[in-house]
Each structure stands twice: as C-alpha cells, then as structure tokens.
Amino acid sequence: MGQKVRVAYKGLPGAYSEDAALKAYPECEAVPCDDFATTFQAVESWLVDKAVLPIESSVLGSIHRNYDLLLRNKLHIVGEVRMLINHCLLGLPGVRKEELKGVMSHPQALLQCKMMLTDLGVATISVDDTATAAKAVALKGKRDIGAIASSRAANIYGLDILAEGIQDEDENITRFLILERDPIIPGTDRPYKVEKKHLFIYNFHEFVDEFIYILLPQTSIVFSLEEGNRGVLFKALGAFALRNINLSKIESRPLKQCPLRVVDDLNDGGDKHFEYLFYIDFEASMADPRAQYALENLQVRSLRMCGSCAQNLCGIIACGRLDVFFELGFGGPWLMHTMVLDPVAFVHL
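If you're wondering where the values come from, they're calculated on a predicted model, not measured in any experiment.

(A) View of helix H1 (residues 16-24). Within H1, eight of the nine residues are buried, leaving the element largely enclosed by the surrounding structure. Along H1, the residues classified as buried are Tyr16, Ser17, Glu18, Asp19, Ala20, Ala21, Lys23 and Ala24.

(B) Spotlight on the sheet that holds strand E10 (residues 160-164). Reading across from one edge, E8-E7-E9-E6-E10 is the order of the five strands in this open sheet, with mixed pairing throughout. What marks the edges here is a single partner per strand, and that holds for strand E8 (123-126) and E10. When the angles between neighbouring strand axes are averaged without regard to direction, this sheet yields 30 degrees. Across the sheet, helix H6 (residues 130-140) touches strand E6 (88-91), strand E7 (102-105) and strand E9 (145-149), and the angle it forms with E9 is around 155 degrees.

(C) Seen up close, the packing of helix H2 (residues 36-44) against helix H3 (residues 64-72). Packing of H2 against H3 brings their axes to within 10 Å, and their N-to-C directions diverge by 30 degrees. Comparing the axis directions of H2 and H3 gives the class roughly parallel. Considering only the axes of H2 and H3, their crossing is right-handed. Residues Phe36, Ala37 and Phe40 of H2 form the contact with H3, whose own contacting residues are Arg65, Asn66, Leu69 and Leu70. Considered class by class, the residues forming the contact of H2 with H3 number five nonpolar, one polar and one charged.

(D) Molecular detail of the pairing of strand E5 (residues 76-84). Within E5, nine of the nine residues are buried, leaving the element largely enclosed by the surrounding structure. With eight bridges connecting them, E5 and strand E11 (residues 173-180) associate as antiparallel partners. By the bridge assignment for E11, Ile77 is matched with Leu179.

(E) Focus on the packing of aromatic side chains. Applying the stated criterion across every chain yields a total of four aromatic pairs. Ring centres of Phe240 and Phe282 lie 5.0 Å apart, and the angle between their planes is 40 degrees; this geometry places the pair in the tilted category. Taken together, the positions of Phe240 in helix H8 (residues 232-241) and Phe282 in strand E18 (residues 276-282) put the pair 42 residues apart, joining distant regions of the chain. Accessibility assignment for this pair places Phe240 and Phe282 in one class, buried. Chaining the aromatic ring pairs together yields one cluster made of Phe223, Tyr276 and Phe278. One residue, Lys10, lies across the ring of Phe36, its end atom 5.4 Å from the ring centre. Its guanidinium or amino end placed over the ring of Trp46, Arg181 lies 3.6 Å from that ring's centre, counting from NZ or CZ.

(F) Looking closely at the nonpolar core. Leu89, Val103, Met104 and Ile148 are the most contacted members of the largest nonpolar core, which has 34 residues in total. Looking at this core, the element that brings in the most residues is H6, giving five residues. Not counting residues within four places of it along the chain, the set of residues in contact with Val103 comprises Leu89, Leu110, Leu117, Val122, Ala123, Thr124, Ile125, Gly146, Ala147 and Ile148. Ranked by size, the runner-up nonpolar core spans 25 residues in total, among them Ala37, Tyr67, Ile77 and Tyr279.

Definitions and limits used
Residues numbered from 1 in each chain as written. Predicted model: local features only at pLDDT ≥ 70, side-chain atom pairs only at ≥ 80, totals over all residues. Heavy atoms only, no water. Buried < 20%, exposed > 50% of the residue type's maximum accessible area, 1.4 Å probe, protein only. Helix = DSSP H or I, 4+ residues; strand = E, 2+ residues; numbered from the N terminus. Pairing = 2+ DSSP bridges. Axes fitted to C-alpha atoms, helices over the stretch in contact; angles between N-to-C directions. Contact = heavy atoms within 4.5 Å. Parallel < 35°, antiparallel > 145°, perpendicular 65-115°, else oblique. Left-handed = near helix turned anticlockwise from the far one by under 90°. Nonpolar A, V, L, I, M, F, W, Y, C, P; charged D, E, K, R; others polar. Phe/Tyr/Trp six-rings, centres within 6.5 Å; stacked < 30°, edge-to-face > 60°. Lys NZ or Arg CZ within 6 Å of the ring centre and 35° of its normal. Core = buried A, V, L, I, M, F, W, Y, C linked by side-chain atoms within 4.5 Å.

No statement about biological role is implied by the geometric values presented.
Shown next, in the form of structure tokens:
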C-alpha cells in the first residue's frame, strides 16, 4: 500500500478545517499547523502533500488574509470543498448551558452565534480556532466556561453537547480551497471535464428518484489593471462576457506595493484612487479555447494563474416528502444537512 496523503490545516484536531481535509481525502493524514502561513510553508517545504484553508463564508464573506497568502506564495488551487458549518455549544460533562458565564471560540464562530450568546447573557472569549476552545474547556475544567465548536470536537475532547445548530443562519456554509505545489495540467484530470454523476435515492430500500449532477470546471486568476484609462475593469470583464464565460466570483484587494494612483484627466490637480488586485473565478478550464482567447485579450498590467478545479456545487433534491440539501464532494456525494421525514440513503454509481 502507498503512503497516506498528508494534508495540512490550521488549528487543532477537531477544527472545521480538519473536517474539510478529511472530507476531501477520507484516508489522509491530517497535519495541524499553528496558522495559515504555516500551512503554505508546510506544502512548499515538502513536509505535506496538500493544504486545506477556508477562503469564504456564506455568512461573513471572504477571508482576506488567505487571499493575500495566495498571492504571496506559489501554491496552486487544485480543488475545493464546501461545508455546512453546524456549531455546537460544548461544556464539561454534566454542565447545563444555564450555568455558563463565558463562552470561548474563534471570533467568526462567536459572530455567527451572536443571538444565542446574547440570549444566554454570557461573556465571549476569542481564541485561535474552535478546536482550541474545546480543548481549553476540557483542560481548565471550569464548569462555567463553554466553547463553540463541532460535534466531532466534543467527541475528541470529552465534552457534552449542550446545544446544537446554534448558528444564527441555518445555511452557514464555508468554502475551503485545496492547494498543492504543482498545478493540474489541462486535459489530464477530472476538473477539466463537464462530468455527470448519478445519485440514486432510496427510502427504506425503495427506489425514489434519480438525479444527474454536473460538475463544472473552474479557474482562478489574479490581475491588476492598466493605469490611466477609463473603463478598464469593464473591458477586462468583457473579455469573458463576449465568450459566454460566467464569472462565479470577483474579489478586490488593495495593491499594497502601490496603493494609490493619480487620475488627472483635466490637468487640474487630480484625484487619488486606490489601486486594486482583482481575484476572479470563472467557469471554464484552461483547456477550453474560450478561456484561452479570453486571457489572450485581457488588457491588464499583470496576470497570475492561481489554479483550476471542479466546482464543488450544492444542489436540492425534492422527492415527494423528501427535501434533502446535499453536496457532491470529492469521491462521492456528501450529505450536508437534512430536513427529512423518512430515513434516506445515498448510493453513488
């Protein structure tokens, strides 16, 4: 047997990033790192094979620190995972949530559970990640301190789940990127194909319905614009629109080396505007001639390819009394969240 794939993530065992790593590669060896920068370094120094890091939350938006790290480092995007985040309130065995006076967790988790925390009237304590909070509660042994983390973290650190699904928004989804040293070469891997997957749904072993799922290729780039011309962003985006390529994401970040530019069309003093880098995800692979032509005609000052992968899309199945929210992940379908009146099994063909 070959060696296990080693995947770096930020945090301790039980962190949501570790969940994402295990979801993408169920048989992998997940390697914890102190911070996001260290996960990049672990891959670049060949200590691990891949890294998994969060890039966007459906509730709180983009994680700008990781966009900056993408640009500073030389790793390539080769995949993504989208996970439903189901926060739990954890405490020492036998503790009731009414006994808590303080709750610790990652700052984003605390924000995502603000209504529950307000109702409890507890103080909030920020720590590096949710699993760190769970471990701290277990080690300190204080009955009046709880943690917000995953149910898996509760099992790892021997804590009770005092409440489950405590986030303000039920559909709280985080998008994670999978990074490697080498890019996927066009035409040699799944992300460059439009691929159909069949999902067969059974209710107590009785066939209910069939759903065909289509994976779409996605490419990520970063560019900066030419100076001094009006409408340059419009023209840049038009290179994709003219070729019927959909943009699934656009994110701007200030250009730190040259944050300001002067606009002086009338020679009367000029205005200072921010210079930006633009991160773009578009729904095409670099094996697609449309994408090649679009980039050839992209009028920009600088351009960097960040990588390509298959979009890990979400979908809805409604079959009679069944209403199932699922995600097709790497290696098969993954049940994210269910609102099911009868037990359901997914079988992947």
